Every structure is written in C-alpha cells, then in structure tokens.
Amino acid sequence: MSAAGGVWVYAERRGDAFRSVSLEILGRAREVADTLGERLVALTAGSGEGPARELARFGADEVVAVDHPLLVRYDTHLYTSLVEREVRAGGPSVLLLGATRDGQDLAGRLAVRLRTGLTAHVTSLEVDPQRRLVGWVPGFGGGIEAGIVCPDRKPSIITVRPGVFPLPSPRPARGEVRMVRPTLPANAFGSHRVAFDPKGEGVDLTRSEVLVIGGRGTDGDFVPLQRLAQCLGGEVGATRVATDSGWVDRERMIGQTGVVTRPKVAVVLGASGAVQFTVGIEKAGFVIAVNRDPDAPIFESADLGLVGDLAPIVDRVVKELGEP
Ligand SMILES: Cc1cc2nc3c(=O)[nH]c(=O)nc-3n(C[C@H](O)[C@H](O)[C@H](O)COP(=O)(O)OP(=O)(O)OC[C@H]3O[C@@H](n4cnc5c(N)ncnc54)[C@H](O)[C@@H]3O)c2cc1C
C-alpha cells in the first residue's frame, strides 16, 4: 500500500443518484480531513459520468469515478476488485462507507483483502489528540459507547450508520473528477439475476418527512399502515421484531441497528418503545404513539399518546383522511 494518505469516502450509487448516507459522510469527512490536514477523496463506481460530476459538489478535493456499463448495479466480486484496486493505488489513511447492505458487504471484503481493521456501524467520528480517527459504536443495547481506532494498519475502514450526520447542501464543485474506465470481459459480472423483487429496494427512510412505524402489536398486518402512510404521503417503517419476523423488509428497520431517521412526524403503532428502537426516532419533529398498554415506555418518547387497540384507530384515521 502506498503512503499517500487522505480521507476517502466510498459514495454508493443507486442508479444516477447517491445514497444519502454517502453524502452525509462526505459532509463530516470534509471536517475530519481539514482537522487532519489531509485531502478528501470521493470514490464511486457505476455506469455513466454525470453522477460523478454531481458528487464533486459535496466537498471532495477529488472524485475518482470507476465507470463501466457492467457496473450498473452492485456485484460483490466485481465491485470489491475495482474498489480494492483504486484504494491500493491511492493509499488512503481512512476509508469510510455507508452501513448499507452493499456498503457492509464491500467493507468486510475490503478489510480482509487489505489486511486491515474494520469498525462497523459507527454513530459518530472524532479525531483524538494523537490525530487518529475514532469511530464511536454503541454497545450492550446502548448502555455504553466504545471508541475504536485502527492504529497499526491502513486504511482504517469504517462504516457509518445512515442518518447520524446531517445531509450537506451541494456547493460549487471544488475538486477534479478523474474517470477510471476499466476493461472488463463481458462475463465479469460474478452473479446472475434469476428474479427481481423490487419490494424494499431503494427506500430511503432518512428522507421521509412522515413515517408510519409498526411493531409487534400489528401482529404482522401492515396493510392498514401502508394505507395510512399513503394518506399522509409518508413511508412505512418497522421495529426489529417486525423485520425479524419477515413482515417488512429489513431496510425499513428503525433504530440502533437500523436507520436513524429525522421525519417531521412519526406515527408509532404497537411498539413498546425499547431504547434500541427510540434512538431511531429521537430526532423526529413530532411523535404520535398508539399502544394498548398505558404504561408502555413509548409514551415517554411521544408528543401525543393514544391508549388503545391500533387496528380500529388506524382504520378510523384512514377513513377520516379519505382512502388513498
Ligand atoms: C443490540 C440490540 C440492538 C437492537 N436494535 C434494534 C433496532 O435497531 N430497532 C428495533 O426496533 N429494535 C432493536 N432491538 C430490539 C429491541 O430491544 C426491542 O426488542 C424491539 O424494538 C421491540 O419491538 P416491538 O416494540 O415491536 O415489540 P414489543 O417490545 O414486543 O412491543 C410490542 C408492543 O405492542 C403493544 N401492542 C400489542 N398489541 C397491540 C395492539 N393491538 N394495539 C396497540 N398496541 C399493541 C404492546 O403493548 C407492546 O408495548 C435491538 C436489541 C438489541 C439487544
């Protein structure tokens, strides 16, 4: 590995757009790079040049964009090899990725290939007095926070949870954009798609202004919640019990191991209010909770609480608002 240094952010693409967590990380990484006196590089991979130019508006000194038609969607082996090649050539001191499904997949493989450390799912980043980047991770159900450094190996690979840093506003581009166009054989794509189920694909709950969130109390019936979300122009989210039970796609899990959200309104239905869940809605503007247990802890996090069975309440609200 070269000793070039630099703070690198892997910016994950979804078609022509970037995952908001990647842009959130870029905003914080700009501050980290300035504190360390290092360059900030945004590395991305995909098909088409336009999005790479857009990325240059988020504070990076340089954008490295690996571009090939075969990169139109994520492929574990192909993406790992191409990103590894750029990281080896650039020799960053830090590589930050979003803790998304693909980001976690890529980060783990890169850490093994580069024989370096991986700090997963951090909720904050800080430069310590020894000028090392510390990733903070909640542990033991939120009871402690562990600060993790990777002092002996480079790059220090860190995945960051979506929603923990604010989304920066785009600015006039400051850095150069370097396009990398690899030559790939037509069969380079390592996996073969046998079916495509769009359920849950592409949802980004961190951008939703209204969330209708269901827990175990829904008993698995999320149809009324979807109707309510549609009436309110929002999205459906879920507690871990609901995603672990397979009632809702895992991408919609809110909380410590899921997504940290900042909606204007969160409607929480049939969730007890475990701290691992409520950290995911504590930045919400207004929280409405429905639970049949008047002592449920969720009421401590709610601005408005309704004690009762969620089904007739949701039904009535949907009727009042007018069926979507
Ligand atoms: C390390 C760790 C990380 C975790 N991360 C997360 C995370 O990111 N997100 C997350 O959600 N959880 C997480 N959990 C799990 C968390 O601790 C809770 O177990 C989970 O949030 C509980 O989900 P729930 O509220 O849906 O279920 P329960 O706790 O079982 O609560 C169900 C609630 O529904 C109410 N209810 C039942 N029927 C009805 C009805 N008909 N009408 C109205 N109310 C009704 C009940 O009174 C009860 O309060 C984590 C746990 C650990 C240990």
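Residues numbered from 1 in each chain as written. Predicted model: local features only at pLDDT ≥ 70, side-chain atom pairs only at ≥ 80, totals over all residues. Heavy atoms only, no water.

Here's the deal with the layout of surface pockets
Inference 1: Within this model, the second largest pocket holds a volume of roughly 470 Å³.
Inference 2: Around the second largest pocket, the lining comprises 25 residues; the ones closest to its centre are G215, R216, G270, A271 and S272.
Inference 3: Looking at the lining of the second largest pocket, the elements that each hand over two or more residues are α6 (240-244), α7 (275-278) and β16 (286-291).
Inference 4: The residue inventory of the lining of the second largest pocket, partitioned by class, reads 8 nonpolar, 13 polar and 4 charged. (1 Å grid on protein atoms, 1.4 Å probe; cavity = no way out; pocket = protein on both sides within 12 Å on 5 of 7 lines; lining within 4 Å. Points joined across faces, edges and corners; volume = space filled by probe spheres on them. Helix = DSSP H or I, 4+ residues; strand = E, 2+ residues; numbered from the N terminus. Nonpolar A, V, L, I, M, F, W, Y, C, P; charged D, E, K, R; others polar.)

Comments concerning the site of the ligand
Inference 1: For the ligand, the set of nearby residues contains 24 residues, the closest of which are R216, T239, T257, S272 and N291.
Inference 2: For the ligand, an oxygen atom lies 3.4 Å from a polar atom in the backbone of G258.
Inference 3: Take D309: an N or O atom from its side chain is 2.8 Å from a nitrogen atom of the ligand.
Inference 4: Structurally, the ligand is housed in the second largest pocket.
Inference 5: Looking at the shell around the ligand residue by residue, the class counts come to 7 nonpolar, 12 polar and 5 charged. (Near = heavy atom within 4 Å. Polar contact = N/O pair within 3.5 Å; in protein donor to acceptor, adjacent residues only side chain to side chain. Sits in = over half its atoms within 2 Å of the grid points.)

A look at a nonpolar patch on the surface
Inference 1: Side chains of L232, V317 and L321 sit close together on the surface and give an oily, nonpolar patch of about 220 Å² of accessible area.
Inference 2: Relative to the elements of secondary structure, L232 occurs in helix α5 (residues 223-232).
Inference 3: In this structure L232 comes out as partly exposed when scored by relative accessible area, which is 34%. (Patch = residues over 30% accessible without salt bridge, like charges linked within 9 Å, V, L, I, M, F, W, Y side chains within 5 Å. Areas by Shrake-Rupley, 256 points an atom, 1.4 Å probe, with all protein chains shown as cover. Salt bridge = Lys/Arg side-chain N within 4 Å of Asp/Glu carboxyl O. Buried < 20%, exposed > 50% of the residue type's maximum accessible area, 1.4 Å probe, protein only.)

So, the pairing of strand β8 (residues 124-127)
Inference 1: Direction of pairing for β8 relative to strand β9 (residues 133-139): antiparallel, over a ladder of 4 bridges. The residue of β9 that forms the bridge with L125 is G135.
Inference 2: With antiparallel pairing between neighbouring strands as the criterion, β8 and β9 make up a hairpin whose turn holds 5 residues, including R131 at a positive phi of roughly 60°. (Pairing = 2+ DSSP bridges.)

Thoughts on the pairing of strand β15 (residues 265-269)
Inference 1: In terms of burial, β15 is largely enclosed, as 4 of its 5 residues are buried.
Inference 2: Note that strand β13 (residues 210-214) and β15 share 5 bridges and pair parallel. Paired with V212 across the two strands is V267, which belongs to β15.
Inference 3: Direction of pairing for β15 relative to β16: parallel, over a ladder of 5 bridges. Looking at β16, one finds that V268 is bridged to A289.

Regarding the nonpolar core
Inference 1: Of all hydrophobic cores here, the largest spans 33 residues; its most connected members are V7, L26, L40, L55, L96, L125 and V160.
Inference 2: When contributions to this core are tallied by element, the ones reaching two or more residues are β1 (7-11), α1 (20-36), β4 (40-46), α2 (50-55), β5 (62-67), β6 (94-98), β9 and β11 (156-160).
Inference 3: Ranked by the residues each element gives to this core, the list is headed by α1, at 8 residues.
Inference 4: Those residues within four positions of L125 in sequence are excluded, and the remaining contacts are R28, L96, L133, V134, G135, I158, V160 and F165.
Inference 5: Of all hydrophobic cores here, the second largest spans 23 residues; its members include V66, L97, L110 and L114. (Core = buried A, V, L, I, M, F, W, Y, C linked by side-chain atoms within 4.5 Å. Contact = heavy atoms within 4.5 Å.)

Quick word on helix α3 (residues 76-90)
Inference 1: The end-to-end C-alpha separation of α3 is 21 Å, in line with the 21 Å expected for 15 residues at 1.5 Å each.
Inference 2: Buried residues of α3: T76, L78, Y79, T80, L82, V83, E84, E86, V87 and G90, and no others.
Inference 3: Next to the buried residues of α3 lie β1, β4, β5, β6, α4 (101-113) and β12 (176-180).
Inference 4: Looking one or two places after α3, you find G91, whose phi comes out positive at around 60°. (Expected span 1.5 Å × (residues − 1).)

With respect to the packing of α5 against helix α8 (residues 310-321)
Two packed helices can be described by the angle between their axes and the distance between those axes.
Inference 1: Here α5 crosses α8 at 30°, and the two axes come no closer than 10 Å. Between α5 and α8 lies a crossing of left-handed hand. Contacts between α5 and α8 involve P224, R227, L228, C231 and L232 on the former and, on the latter, V314, V317, V318 and L321.
Inference 2: Across the contact of α5 with α8, the residue classes break down as 8 nonpolar, no polar and 1 charged. (Axes fitted to C-alpha atoms, helices over the stretch in contact; angles between N-to-C directions. Left-handed = near helix turned anticlockwise from the far one by under 90°.)

Function cannot be read off these values alone, since they describe shape.
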